[in-house]
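In case you want the letters, here they are:
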Amino acid sequence: MVQDGQTSDTLKSLSFEASGLNYPFGQSFRPGGPLPEFTHPKYNVEIDYTIPSMRIDSERMNSPRPQQGGVGALQAAPIRSIQNVSGTIAWNVNAAGASARAPRAAVEDRLLQLWVTPPGIVKAARQAGSAAVLSRSKGRRIVIFPLRGRMIKATLNADTLVERVEYMIDNPVTGDTPVEIAYTGYTKFDGVPFPTRIVQKVGGQAVLDLNVSRCDCKSPAVDIAVPENVKAAAETAPVAAIVPQKLADGVYLLPGGANSVAVEFKDFIALVDGPANDDRTQALLDVLKKTFPGKPLRYVINTHHHYDHSGGLRGFVAEGVTILAQSESKPHFQKVWKYPHTLAPDRLANAPKAPVIEAVKDMRILTDGTQKLELHRLAGNNHAATMLIPYLPAQKILMEPDLYQAAQTAPGPNEKAAPFYQESGNLYDQISACTSKWNGLSLCTVPPRHSKPCAAT
């Protein structure tokens, strides 16, 4: 890859500016459907290959097109994100400029992103030496080599420019999942070819689509020093300690990421939501045994199919727990749980067991004659077609996932409601319009689209 002046494999550092689109993986409105779309008005990357270190400074905002799916708390202004890695430390910088250390998994993920850039691929392939295998196919050069515990396949075009990189990652839901990055539209920046279009796919779905507007390939001064407070901070634990919070007799909130709620019955326990991976599942099982000694966990209720709410379900299946899920989610889970998990075998991969999934179409009631837990399908929201809302009528406790944000303010009289606020309004409307269905529970006494909604308690 010899170019004018420098070569891509001798570059010590570079930076590039881009904009484009982002599609959150595992957040489709329907299982297997299209992913929701965000825009990146800014996506700037700085890389120092010698340390190695990288900074991704991006802004994300709503798509101008109507969206469905796990779109999160949508805002009128861009949300800035700064992700860093240097050597063996990863950290994030928030909007206020404060730095916080990230988990070890972020180190591996970000260093991999660094090395699969076109110059990084060339360097990594050379460093692999005799472990790299070179072949040809249809006028393309293909090189396969090990990189950070993975096998990387890089395809070079007739001009020996990297046009595609492929490898596998582990996902708690989809297991061994293919990643493909396509580099096209090469142009010379400072005499060095660099792509002007970067498209990344995960599991066959596009998750990032960037248009590069500028690249500084003159080995710019890239300063990605680790802040002192980050150096001193302990590495973030992969799974935060779970401290049960009592909501009512026999009802406990189990916080952490996508929260869970445990409900006690006479002879068993039901758990609402099983996020987000095997480690979290083990932590939940441990805390349930301490909180409810001697009582088995019989049911895990999946509120919706999004991966942050279902990534730990396989671990519960391995324990023989019955999964309650909305009808559209059942065939999805039956399909994806058959995918291989060889990169990071979880407990179900190590001890295979046929899942027991009971479908909930519109409503399901769990009761022992004293405790009563209702599951209602919430239709008409933009977040997920598979949404189940658990409700404890005696305690007047409603458990909603992702549809309500207390800080979200109402739009003005001439403003268009943000999609996330519309979801809060949809939840309110269905509760208010169906007082018999919800046993009189209401969120507040004023119309939701003209004031700030209140919390359900």
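As shown above, the structure is provided for reference.
Quantities reported herein were computed from a predicted structural model and do not represent experimental measurements.

Undergrad: Help me understand the nonpolar core in this model?
TA: Most often, soluble globular proteins have nonpolar side chains that are buried together. The biggest cluster of nonpolar side chains holds 52 residues, and the ones touching the most others in it are Phe16 and Phe145. Element by element, the count of residues in this core is highest for helix H1 (residues 104–115), at six residues. Setting aside residues no more than four positions away along its own chain, Phe145 makes contact with Ile121, Ala124, Ala125, Ala128, Ala131, Ala132, Arg150, Met151 and Ile152. Residues Phe292, Leu313, Ile323 and Trp337 belong to the second largest nonpolar core, which totals 28 residues.

Undergrad: For this particular structure, what's the right way to read the packing of aromatic side chains?
TA: Where two aromatic rings form a pair, the distance of their centres and the angle of their planes describe that pair. In this structure the tally under the stated criterion is seven aromatic pairs. Relative to Trp115, the ring of Tyr49 lies with its centre 5.9 Å away and its plane at 40°, an arrangement referred to as tilted. Of this pair, Tyr49 sits in the loop between strand S2 (38–48) and strand S3 (53–62) while Trp115 sits in helix H1; the two residues are 66 residues apart in sequence, bridging distant segments of the chain. The exposure class of Trp115 is buried, given its relative accessible area of 8%. A ring pair is formed by Tyr252 and Phe292, whose centres lie 5.7 Å apart and whose planes are at 80°; its orientation type is edge-to-face. Linking Tyr252 in strand S17 (residues 251–254) with Phe292 in the loop between helix H4 (278–291) and strand S20 (297–301), this pair joins segments that are 40 residues apart in sequence. Comparing Tyr252 with Phe292, the two get one shared label, buried. Of the aromatic side chains, those joined through ring pairs into one cluster are Phe265, Phe268 and Tyr299. Above the face of the Phe38 ring, Arg60 is positioned so that its terminal group lies 3.6 Å from the ring centre.

Undergrad: Mind showing me how you'd approach the environment of Val336 here?
TA: Among the structural elements, Val336 can be located in helix H7 (residues 329–336). Along the chain, Val336 and Gly175 lie 161 residues apart, while their C-alpha atoms are 8.1 Å from each other.

Undergrad: What should I look at first to understand the environment of Asn84 in this one?
TA: Following the sequence through the fold, Asn84 ends up in strand S4 (residues 79–86). Spatially, the C-alpha atoms of Asn84 and Ser99 are 9.7 Å apart, while their sequence positions differ by 15 residues. Polar side-chain contacts of Asn84 include one of 3.1 Å to the side chain of Arg55.

Undergrad: Got a minute to help me understand the pattern of salt bridges in this structure?
TA: Side-chain pairs of opposite charge can arise whenever the charged atoms involved come near each other. According to the stated counting rule, one finds 20 salt bridges in the structure shown. Between Arg214 and Glu17 there is a salt bridge whose closest N-O contact spans 3.4 Å. You can see Arg214 sitting in strand S15 (residues 205–216) and its partner Glu17 sitting in strand S1 (residues 13–22), a full 197 residues away along the chain. One salt bridge connects Glu108 with Arg104, and the closest N-O pair in it is separated by 3.1 Å. One end of the pair is Glu108 and the other is Arg104, both in helix H1 and four residues apart, which spans about a single turn. Overall, the relative accessible area of 35% leaves Arg104 in the partly exposed class. Because the salt bridges share partners, they merge into one network encompassing Arg30, Glu328 and Arg377.

Undergrad: I tried to follow H7 on my own but got confused; where do I start?
TA: Side chains of residues three or four places apart in an α-helix project in the same direction, reflecting 3.6 residues per turn. Residues of H7 that are buried include every one of Ser329, His332, Phe333 and Val336, and no others. For H7, the angular spread of the buried residues around the axis is 95°, confining them to a single face. Buried positions along H7 lie against helix H5 (307–310), helix H6 (313–318), strand S21 (322–326) and strand S22 (357–360).

Undergrad: Any chance you could explain a nonpolar patch on the surface here in plain terms?
TA: A surface patch of nonpolar side chains, amounting to about 270 Å² of accessible area, comprises Val133, Ile144 and Met151. Following the sequence through the fold, Met151 ends up in strand S9 (residues 150–156).

Undergrad: Sorry if this is basic, but what is going on with the pairing of strand S11 (residues 175–184) here?
TA: Two faces, one strand: in a regular strand the side chains alternate between the faces of the sheet. As paired elements, strand S10 (residues 162–171) and S11 share eight bridges and run antiparallel to each other. Directly across from Arg164, in S11, lies its bridge partner Ala182. What sits between the antiparallel neighbours S10 and S11 is a turn of three residues. Pairing geometry for S11 and strand S14 (residues 197–202), over six bridges, is antiparallel. Bridge pairing in S14 links Val179 to Val202.

Undergrad: Is there a simple way to explain the sheet that holds strand S23 (residues 363–367) in this structure?
TA: In sheet architecture, strand pairing relies on hydrogen bonds along the backbone and comes in two forms, parallel and antiparallel. The strand order S23-S24-S25-S26 describes an open sheet built from four strands, whose pairing is antiparallel. Both edges of this open sheet fall to S23 and strand S26 (397–398), since each of them pairs with a single strand only. Of the pairings in the sheet, the one linking strand S24 (residues 372–377) to strand S25 (residues 388–392) comprises four bridges and is antiparallel in character. Bridging from a neighbouring strand, Arg377 pairs with Leu388 of S25.

Undergrad: Before we go on, may I ask you to explain H1 in this structure?
TA: Here H1 is 12 residues long and its end C-alpha atoms lie 17 Å apart, about the 16 Å a rise of 1.5 Å per residue gives. Restricting attention to buried positions, one finds in H1 the residues Ala106, Val107, Arg110, Leu111, Leu112, Leu114 and Trp115.

Undergrad: Just checking my understanding: could you explain unusual backbone geometry for this structure?
TA: In this structure, the amide linkage connecting Ile51 to the following residue, Pro52, adopts the cis form with an omega of -5°. Here Pro52 is to be found in the loop between S2 and S3. Backbone torsion omega between Pro275 and Ala276 reads -25°, so that peptide bond is classified as cis. With respect to the helices and strands, Ala276 occurs in the loop between strand S19 (269–272) and H4. The backbone phi angle of Thr160 is positive, close to 60°, even though this residue is not glycine. Note on placement: Thr160 falls in the loop between S9 and S10. Located in the positive-phi region is Asp273, a residue other than glycine, with phi close to 75°. Within the secondary structure layout, Asp273 lies in the loop between S19 and H4. Residue Asp273 is classed as buried on the basis of its relative accessible area, which comes to 3%.

Analysis parameters
Residues numbered from 1 in each chain as written. Predicted model: local features only at pLDDT ≥ 70, side-chain atom pairs only at ≥ 80, totals over all residues. Heavy atoms only, no water. Core = buried A, V, L, I, M, F, W, Y, C linked by side-chain atoms within 4.5 Å. Buried < 20%, exposed > 50% of the residue type's maximum accessible area, 1.4 Å probe, protein only. Helix = DSSP H or I, 4+ residues; strand = E, 2+ residues; numbered from the N terminus. Contact = heavy atoms within 4.5 Å. Phe/Tyr/Trp six-rings, centres within 6.5 Å; stacked < 30°, edge-to-face > 60°. Lys NZ or Arg CZ within 6 Å of the ring centre and 35° of its normal. Polar contact = N/O pair within 3.5 Å; in protein donor to acceptor, adjacent residues only side chain to side chain. Salt bridge = Lys/Arg side-chain N within 4 Å of Asp/Glu carboxyl O. Arc of directions from axis to C-beta. Patch = residues over 30% accessible without salt bridge, like charges linked within 9 Å, V, L, I, M, F, W, Y side chains within 5 Å. Areas by Shrake-Rupley, 256 points an atom, 1.4 Å probe, with all protein chains shown as cover. Pairing = 2+ DSSP bridges. Expected span 1.5 Å × (residues − 1).

As far as function goes, none of this settles anything; it's purely spatial.
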